[in-house]
Amino acid sequence: MRYHHSAELRQGICKTADGNYAVTSFTTEKGRKDWLDYALMYKGTHLVGRQWVVTAESPVLETLRKKLGGELQSGDGSGSSRASGT
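These remarks concern the structure in this document. (Residues numbered from 1 in each chain as written. Predicted model: local features only at pLDDT ≥ 70, side-chain atom pairs only at ≥ 80, totals over all residues. Heavy atoms only, no water.)

### Focus on the overall build of the chain
Next up, step 1: Looking only at helices and strands, the chain features two helices and seven strands.
Next up, step 2: Each helix and strand of the chain, placed in order from N terminus to C terminus, yields the pattern β-β-β-α-β-β-α-β-β. (Helix = DSSP H or I, 4+ residues; strand = E, 2+ residues; numbered from the N terminus.)

Now the structure itself:
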């Protein structure tokens, strides 16, 4: 696992049998929301919790969602996003 951190967030890159993914945790919900708003301007899906986000391919996110909970949120590249269940 590679690990990065700053005053606002911490990020770990994980390689497992389930697949590769990045976990980013935030010191505040606002920090998570600001980061996610920016990330969702680009195509991609993220698994989102109260103060954390997991970034990976969709099959990996589905597996992790069963373990962690959270909500899948997808960006379509236009700046809008959509959420799917918890």
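Read on, since the account is not over.
### Re the environment of Gly70
Next up, step 1: The residue Gly70 is located in the loop between helix H2 (58-68) and strand S6 (71-75) in this model.
Next up, step 2: According to the relative accessible area criterion, Gly70 is buried, its value standing at 19%.
Next up, step 3: Here the alpha-carbon distance between Gly70 and Val53, two residues 17 residues apart in the chain, equals 8.8 Å. (Buried < 20%, exposed > 50% of the residue type's maximum accessible area, 1.4 Å probe, protein only.)

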